[in-house]
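# Working through the structure, step by step
Letter by letter, the chains look like this.
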Amino acid sequence: MPGRTKKQEDPVEDTNMEDAPPSAQPEDVNDENVEEEEEEEEEEEEEVDPQRVKILPGSTDTAASFEFIDEGHTLGNALRYIVMKNPDVEFCAYSIPHPSEPKMNIRIQTYKGTAFDALKKGLSDLQDVCDVVADEFWAKRDAYNGEHGIDR
Amino acid sequence: MHPTKPAAWTNTPDAEEIARRQTVNINIETVSNNISTDYPGHFPGEDVEFTIERFREAFSVNFHQNDQFLSSFSLVGIDASLSNAFRRILLAEIPTLAIENVYIENNTSVIQDEVLAHRLGLIPFKGGREGLHNFLKWHKKPEVGEDPYAGCFDWNTVRLELNVECTVNPDASPAEDDPLKAYNNAHVYAKDLVFVPTGKQEEYFSGENAIMPTNPDILIAKLRPRQSINLAMHMHKGIGSDHAKFSPVATASYRLLPTITITKPILGADAEKFAKCFPKGVIGLEKVTKKEAAKKGSGYEGQEGQAKAVVVDAMKDTVSRECLRHAEFEGKVKLGRRRDHFIFSIESTGQWDSDELFLESVKHMKLKCKKLEQQVINMAR
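Every value quoted in this text rests on a predicted model; they were computed, and no experiment measured them.

Glancing now at the overall build of chain B. Along the backbone of chain B there are 10 helices and 18 strands. Over its C-alpha atoms chain B spans a radius of gyration of 29 Å, topping by over 25% the 21 Å that the globule rule assigns to 381 residues. By principal-axis analysis of the C-alpha atoms, chain B measures approximately 85 × 75 × 35 Å. When the 381 residues of chain B are sorted by exposure, 42% land in the buried category.

Printed below as a string of structure tokens:
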């Protein structure tokens, strides 16, 4: 065999796994536990959403810009409106810096309180609005269906 | 810099001022007063801070129509930015099921594979609601090089098949020139798609809950004898911002409530002409009463019994501005739109009821804000 460079050794009989010499690596005593932990970590990673909001450089407490990833005009304009309705806010505007980047920036400047608090209040106010709209809508829908004998 | 306390004097706008603010003017060539002004600090001394109580007080819904797949209703007392958010969510963010992959075994029809696949993708489907909304979940797109079927399960993939062959109809007369009679399967319709239930799909999509096209008579392809199509399809869930085929609505739109204000009397033949400037039922004709005719400066003096134009139902108006083109109505009528009265119209493609759809969009908006609020809190840490 021309490919062979070493002299062929006598075939050694295969050793049993139990008789095999211990590995050079330090033996892990609680192997199972480690695996379990790893699995748990993976699950957590799936559940925790990646951070999609960040504060842009140059921001101060009362004048800050926030960057939202994967948000657009849908949330941008609604949030801008509700933040502007806050009397502590001096200025609020949103922009989508470039249409091919999935980013939305919102700028908040306040008279008093922090821009951060104004943003947080805006988001919680929007949730309240959604509750009111949903309740009123469904109540009127049921009333209309009742009047017109629509059974669905 | 900022007002530390509210001004000692406060303004409360009168009814006329409120009406002016909530009207967008439609002029002969332009629109004006089209920007919302309900922000704190816009009018000095007025308190227009957002509070949920104030919003609840001002907000109302009126239904006009509520068919299963077509509903129309008004949202009153809400800003354009919020109602537009709901509309945008309806179009682009509510998930539906549509054909995503087409595996073509054989296609000898004149329609090319890629065109056929595109046509199949656009067909709207319906099925059991419980299965569509709760049982079926997202399908993760396989990475390049990954086994494309490894991520396909009964809870994220629906399989359909289409096997048709066109043959000569032996019963038809040789002189028959209507291909539908002369041949079998000359036309391939959406109803020819066969749903193949897998695993637990039997439970959710059987009988009338089966996955099937909403409109069975959508024409997919035309065949001639000895042409055939054999293919399998995989349906996945997706959203409208990825592809319009996933949009749950055929249309979801709103318009602002039109307003028509007759500022000076329009009488007699003019009144009839005026009514013709609008769609039917918008303008009505009434007789000038004795009392009106007796009142000086009303413009009705001595016109008792004469026909006058009155606004009956401004909602039906299309705001064509036709009435502004005629000299005889100049200065007698003002057109406008209510800034905070949105007449929604939602037409569903079959996977949701249209009233459910709007509720779903509101829920979506809330969930979005809830997640982002948490993100904002995390950002500070």
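Contact with chain B, which involves 49 residues of that partner, is made by 49 residues of chain A. Three residues, F50, Q375 and M379 of chain B, lead the burial of chain B against chain A; their summed loss comes to 14% of the area buried on that side. At the surface where chain B touches chain A, the tally comes to 6 salt bridges. At the junction of chain B and chain A, the tally comes to 21 residue pairs in polar contact (both at pLDDT 80 or more). Of all the secondary-structure elements, those providing two or more residues to the side of chain B that touches chain A are helix 2 (52-58), strand 3 (60-66), helix 3 (80-92) and helix 10 (354-380) of chain B. It is helix 10 of chain B that contributes the most residues to the side of chain B that touches chain A, 19 residues altogether. Residues of the side of chain B that touches chain A, tallied by class, amount to 25 nonpolar, 9 polar and 15 charged.

Further remarks concern the packing of helix 2 (residues 73-84) of chain A against helix 3 (residues 115-148) of chain A. Each pair of packed helices gets described by two things: the angle between the helix axes and the distance between those axes. All names here are of chain A. Packing of helix 2 against helix 3 brings their axes to within 9 Å, and their N-to-C directions diverge by 105 degrees. Considering the angle they form, helix 2 stands roughly perpendicular to helix 3. Contact with helix 2, carried on its side by L75, A78, L79, I82 and V83, involves A118, L119, G122, L123, D125, L126 and V129 of helix 3 and no other residues of that element.

All right, on to the pattern of salt bridges then. According to the stated counting rule, one finds 24 salt bridges over all chains in the structure shown. Note that R21 of chain B is salt-bridged to E17 of chain B, the shortest N-O span being 2.9 Å. Residue R21 of chain B and its partner E17 of chain B are located together in helix 1 (residues 15-21), separated by 4 residues, close to a single helical turn. Look at E17 of chain B and you get partly exposed, because its relative accessible area is 21%. Between E322 of chain B and R325 of chain B there is a salt bridge, with the nearest N and O atoms lying 3.2 Å from each other. Assessed through its relative accessible area of 26%, E322 of chain B is described here as partly exposed. Bridged by salt links that share partners, the residues R141, D142 and R152 of chain A together with R129, D353 and D355 of chain B form one connected network.

Once that is clear, we can look at the UniProt feature "domain: DNA-directed RNA polymerase RBP11-like dimerisation" (unreviewed entry) in chain A. Here, UniProt's "domain: DNA-directed RNA polymerase RBP11-like dimerisation" (unreviewed entry) annotation points to residues 64-135 of chain A. The span residues 64-135 of chain A shows a helical share of 46% and a strand share of 29%, and its end C-alpha atoms are spaced 34 Å apart.

All right, on to the sheet that holds strand 2 (residues 63-69) of chain A then. Overall, antiparallel pairing links the 4 strands, which are arranged 1-2-4-3 (chain A) in an open sheet. Where the open sheet ends on each side, the last strands, each with one partner, are strand 1 (53-55) and strand 3 (89-95) of chain A. On average, each strand axis in the sheet is inclined to that of its neighbour by 20 degrees, with strand direction left out of account. With 7 bridges joining them, strand 2 of chain A and strand 4 (residues 103-110) of chain A adopt antiparallel strand pairing. Residue A64 of chain A lies in a different strand from strand 4 of chain A, and its bridge partner there is I108 of chain A. This element, helix 10 of chain B, spans strand 1 and strand 2 of chain A of the sheet and lies at about 40 degrees to strand 1 of chain A.

On to the confidence of the model for chain A, then. In the predicted model, chain A carries a mean pLDDT of 82, and the fraction of residues at 70 or more is 69%. Contacts from residues 26-45 of chain A, a stretch scored under 50 in pLDDT, to residues over four places away or in other chains number 0 contacts.

Residues annotated in UniProt with the feature "domain: DNA-directed RNA polymerase RpoA/D/Rpb3-type" (unreviewed entry) correspond here to residues 70-375 of chain B. Annotated as 24% helix and 31% strand, the span residues 70-375 of chain B places its first and last C-alpha atoms 37 Å apart.

In this model, helix 2 of chain A (12 residues) spans 16 Å end to end at C-alpha, consistent with the 16 Å of a helix rising 1.5 Å per residue. On the buried face of helix 2 of chain A, the contacting elements are strand 2, strand 3, strand 4 and helix 3 of chain A together with helix 3 and helix 10 of chain B.

Attention shifts here to the sheet that holds strand 5 (residues 96-107) of chain B. Across a sheet, paired strands are connected by hydrogen bonds in the backbone, their directions being either parallel or antiparallel. Residues and elements named next belong to chain B. One open sheet holds the 4 strands; their spatial order is 5-14-7-11, and the pairing between them is antiparallel. One side of each edge strand has no neighbouring strand; the edge strands of this open sheet are strand 5 and strand 11 (194-196). For this sheet, the mean angle separating the axes of adjacent strands, direction not counted, is 25 degrees. Bridging between strand 7 (residues 158-165) and strand 11 involves 3 bridges; their strand directions are antiparallel. If you follow L160 over to strand 11, its bridge partner there is F195.

Reading guide: rules and limits
Residues numbered from 1 in each chain as written. Chains lettered and ligands numbered in written order. Predicted model: local features only at pLDDT ≥ 70, side-chain atom pairs only at ≥ 80, totals over all residues. Heavy atoms only, no water. Helix = DSSP H or I, 4+ residues; strand = E, 2+ residues; numbered from the N terminus. Rg over C-alpha atoms; globule rule 2.2 N^0.38 Å. Buried < 20%, exposed > 50% of the residue type's maximum accessible area, 1.4 Å probe, protein only. Contact = heavy atoms within 4.5 Å. Buried area = accessible area lost by both parts, 1.4 Å probe. Salt bridge = Lys/Arg side-chain N within 4 Å of Asp/Glu carboxyl O. Polar contact = N/O pair within 3.5 Å; in protein donor to acceptor, adjacent residues only side chain to side chain. Nonpolar A, V, L, I, M, F, W, Y, C, P; charged D, E, K, R; others polar. Axes fitted to C-alpha atoms, helices over the stretch in contact; angles between N-to-C directions. Parallel < 35°, antiparallel > 145°, perpendicular 65-115°, else oblique. UniProt positions renumbered as here; feature names shortened; annotations may be inferred. Pairing = 2+ DSSP bridges. pLDDT = per-residue confidence, 0-100. Expected span 1.5 Å × (residues − 1).

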